Every structure is written in C-alpha cells, then in structure tokens.
Amino acid sequence: MHLLVVEDDPRLRSLLVRLLGEERHLVDAVETGEEALEVVLGPAGIDLVVLDLGLPDLPGLEVARRIRAAGRTLPILILTARDTVGDRVTGLDAGADDYLVKPFAFAELAARIRALGRRGEGPSRRTAPLLAVGPIALDETTRTVTVDGVPLELSPRELSLLECFLRHPGQALTRDQLLDRAWPWGVAVTPNAVDAYIHYLREKLGPAGARIRTVRGIGYRLADG
Ligand code: CA
C-alpha cells in the first residue's frame with residue numbers, strides 16, 4: 001500500500017517511515033496538516049493515512065474532516081496521546097476508521113494497517129489470513145494464537161513478539177529489531193527485557209517453544225524447518 005504518515009515528531013516519523021517501509025509499504029511522510037491535505041488530495045494515490053492528532057498547524061481531527069469533506073474515502077488511522085472516550089468518539093465522528101493510543105508497539109500499528117487495507121478489498125481476499133510456522137499459528141483477524149490447534153493465552157507483548165518471528169521465519173532478529181517492533185515507542189526498556197519475554201514465550205509455547213533459537217551475538221530466530 002501507499003501510505004502517508006502525518007507526524008510532527010521527527011524521531012517517531014522517521015521510525016515509522018523505516019519500519020513501514022520494511023513491511024513493504026511505499027511510505028511518504030509530512031509534518032503538518034496542510035502538507036497532509038496537499039498530498040492526500042493531490043495525485044499521489046495515497047491508500048491510507050496514519051494521522052497524528054497533535055500537529056503544529058491544524059488539529060489532526062480537522063485534517064480528517066477536510067479529507068472526508070473532499071469526498072475521499074481512504075482509511076484514516078489516528079494516532080493519539082489522549083486516551084479519553086470523548087476524543088475517540090470525536091475522532092471516529094471526524095471520519096477516522098481506527099485509532100491507536102500512544103505509546104503503541106509498532107507491531108500493533110502494522111496489524112491495524114493490514115486490517116484496514118483488507119477492508120478495502122473484495123470479500124474473497126478477506127478470509128482468515130493465517131500466519132503459521134510448524135504447529136504455531138496466528139489468525140490475523142481474531143489475533144488468536146494456536147499451537148497444534150489448541151488456543152494459547154498470550155499477553156499483548158508476547159503476541160507482538162511472536163508475530164515478529166512468524167513474519168520473518170528462519171530469520172535472525174536482533175534484540176533492537178524486536179524492541180522496535182514489539183515494544184511501545186518512547187518507553188525506556190533494556191535489551192534484557194527481550195530475553196525475559198522470550199523466556200515467557202518459550203514456556204507458553206511448550207515443546208514448540210524450542211523453535212525459538214538463540215543466535216549467539218545477534219538475538220533470536222524462529223526455526224521454520
Ligand atoms: Ca504531535
């Protein structure tokens with residue numbers, strides 16, 4: 001998909017551009033509401049907007065309203081630091097399709113974007129996207145994990161971590177890569193936190209947990225053979 005990231009925080013903006021690019025999206029980014037409107041209403045062919053609410057010129061909600069007022073129906077996903085029911089309702093009233101409260105983990109944002117992207121496709125493509133490696137499966141629609149068909153209870157962090165592995169089977173992932181994707185942005189965590197959560201995850205996966213291999217000097221990988 002061709003995404004537009006509207007975010008005035010330069011660090012978060014460049015992180016989102018990099019990680020969404022690695023998810024094989026084509027990503028443009030702007031820092032103000034006026035620029036966002038110019039790009040979305042212009043000829044760029046944006047498929048989805050990731051929109052921060054607190055922008056330096058126009059409120060994000062006003063940007064969403066003007067996109068809808070111009071008759072554009074592309075999905076809008078709002079990023080907000082304000083976790084109140086009032087703001088959520090206003091955001092959805094303004095024409096947003098979904099919202100994510102900061103701080104959020106990148107894996108969660110990526111999952112929401114995939115879900116919004118699927119919504120625009122025909123019913124034939126909407127059926128149960130399943131990520132599976134060996135006996136471990138993640139249903140992307142329901143966000144449920146099963147091992148040999150048996151449902152597993154995972155915390156949101158464990159789920160994000162497992163999703164990173166399932167998206168990159170066989171590939172060694174560094175602790176920093178896992179932190180970028182599975183932990184909320186801007187929250188101070190040490191790479192040791194990754195080791196702790198890998199330990200929990202292996203335990204919960206039971207015998208299938210042995211598939212998460214330690215890669216010395218690098219991090220971890222999910223064995224797919
Ligand atoms: Ca902001």
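What counts and how
Residues numbered from 1 in each chain as written. Predicted model: local features only at pLDDT ≥ 70, side-chain atom pairs only at ≥ 80, totals over all residues. Heavy atoms only, no water. Patch = residues over 30% accessible without salt bridge, like charges linked within 9 Å, V, L, I, M, F, W, Y side chains within 5 Å. Areas by Shrake-Rupley, 256 points an atom, 1.4 Å probe, with all protein chains shown as cover. Salt bridge = Lys/Arg side-chain N within 4 Å of Asp/Glu carboxyl O. Lys, Arg positive; Asp, Glu negative; His and termini not counted. Charge placed at Lys NZ, Arg CZ, Asp CG, Glu CD. Helix = DSSP H or I, 4+ residues; strand = E, 2+ residues; numbered from the N terminus. Phe/Tyr/Trp six-rings, centres within 6.5 Å; stacked < 30°, edge-to-face > 60°. Buried < 20%, exposed > 50% of the residue type's maximum accessible area, 1.4 Å probe, protein only. Core = buried A, V, L, I, M, F, W, Y, C linked by side-chain atoms within 4.5 Å. Contact = heavy atoms within 4.5 Å. Domains from an automatic or database assignment. Buried area = accessible area lost by both parts, 1.4 Å probe. Nonpolar A, V, L, I, M, F, W, Y, C, P; charged D, E, K, R; others polar. Axes fitted to C-alpha atoms, helices over the stretch in contact; angles between N-to-C directions. Pairing = 2+ DSSP bridges.

Enquirer: A description of a negative patch on the surface should follow, citing residues and the corresponding values.
Expert: Taken together, the side chains of Glu34, Glu35, Glu38 and Asp57 define an acidic patch exposed on the protein surface. Following the sequence through the fold, glutamate 34 ends up in helix H2 (residues 33-41).

Enquirer: So what's going on with the packing of aromatic side chains? Which residues, and what values?
Expert: Evaluated as defined, the whole model comprises two aromatic pairs. Each ring, one from tryptophan 183 and one from tyrosine 197, has its centre 5.4 Å from the other, and the planes form 85°; the classification is edge-to-face. You can see tryptophan 183 sitting in the loop between helix H7 (175-182) and helix H8 (191-205) and its partner tyrosine 197 sitting in helix H8, a full 14 residues away along the chain. Classification of tryptophan 183 by relative accessible area gives buried; the value is 6%. According to the relative accessible area criterion, tyrosine 197 is partly exposed, its value standing at 25%.

Enquirer: Report on the nonpolar core, specifying residues and quantitative values.
Expert: It is characteristic of soluble globular proteins that their nonpolar side chains tend to be buried jointly. Membership of the largest hydrophobic core comes to 27 residues, with the highest contact counts inside it found for Ile136 and Phe165. Elements that contribute at least two residues to this core include exactly strand E6 (130-133), strand E7 (136-139), strand E8 (144-147), helix H6 (156-167), H7, H8 and strand E12 (219-222). For this core, the element with the most residues is H6, which contributes six residues. Apart from the residues lying within four places of it in its own chain, the contact partners of isoleucine 136 are Leu131, Val145, Thr146, Val147, Leu162, Leu166, Leu205, Ala208, Arg211 and Leu222.

Enquirer: Describe the domain arrangement of the chain, with residues and values.
Expert: We note that the domain assignment places domain 1 (2-118) and domain 2 (130-222) within the chain. Inter-centroid distance (C-alpha atoms) of domain 1 to domain 2 is 27 Å. Contact residues are listed per partner, giving 16 residues for domain 1 and 13 residues for domain 2. Regarding the contact of domain 1 and domain 2, the summed buried area is about 1300 Å², with carbon and sulfur atoms giving 51% of it. Where domain 1 touches domain 2, the interface holds five salt bridges. For glutamate 140, the salt bridge goes to arginine 118, with nearest N and O atoms at 3.6 Å. Elements supplying a minimum of two residues to the side of domain 1 that touches domain 2: helix H1 (10-22) and helix H5 (106-119). Top contributing element to the side of domain 1 that touches domain 2 by residue count: H1, with six residues. The residue inventory of the side of domain 1 that touches domain 2, partitioned by class, reads nine nonpolar, no polar and seven charged.

Enquirer: Help me get a handle on the pattern of salt bridges, residues and values and all.
Expert: Applying the stated criterion to the full structure yields 20 salt bridges. Note that aspartate 97 is salt-bridged to arginine 68, the shortest N-O span being 2.9 Å. One end of the pair, aspartate 97, is in the loop between helix H4 (85-93) and strand E5 (98-101); the other, arginine 68, is in helix H3 (residues 60-69), with 29 residues separating them in the sequence. Overall, the relative accessible area of 27% leaves aspartate 97 in the partly exposed class. Of the residues examined, arginine 68 reaches a relative accessible area of 23% and is grouped as partly exposed.

Enquirer: Quick one: what's the story with the environment of valine 150, residue by residue and with numbers?
Expert: As for its placement among the helices and strands, valine 150 is situated in strand E9 (residues 150-152). Sequence spacing of valine 150 and alanine 137 is 13 residues, and the spatial spacing of their C-alpha atoms is 9.7 Å.

Enquirer: Lay out the packing of H5 against H6 in plain terms, naming residues and giving numbers.
Expert: One can describe the packing of H5 onto H6 by two numbers: an axis separation of 10 Å at closest approach and a directional angle of 65°. In contact with Ala107, Ala111 and Arg114 of H5, H6 contributes Ser160, Glu163 and Arg167. Among the residues forming the contact of H5 with H6, the class breakdown is two nonpolar, one polar and three charged.

Enquirer: Go over the sheet that holds strand E10 (residues 173-174) with me, naming the residues and quoting the values.
Expert: Pairing is antiparallel across the open sheet formed by three strands, whose spatial order is E10-E12-E11. The sheet is open, and its two borders are formed by E10 and strand E11 (212-215), each paired with just one other strand. Both E11 and E12 contribute to a ladder of four bridges, which runs antiparallel. Residue pairing in the sheet places valine 215 in a bridge with glycine 219 of E12. The strands that H6 touches are E10, E11 and E12; relative to E12, the one it contacts most, it runs at about 65°. Where H8 meets the sheet, its contacts fall on E11 and E12, and the angle it forms with E11 comes to roughly 150°.

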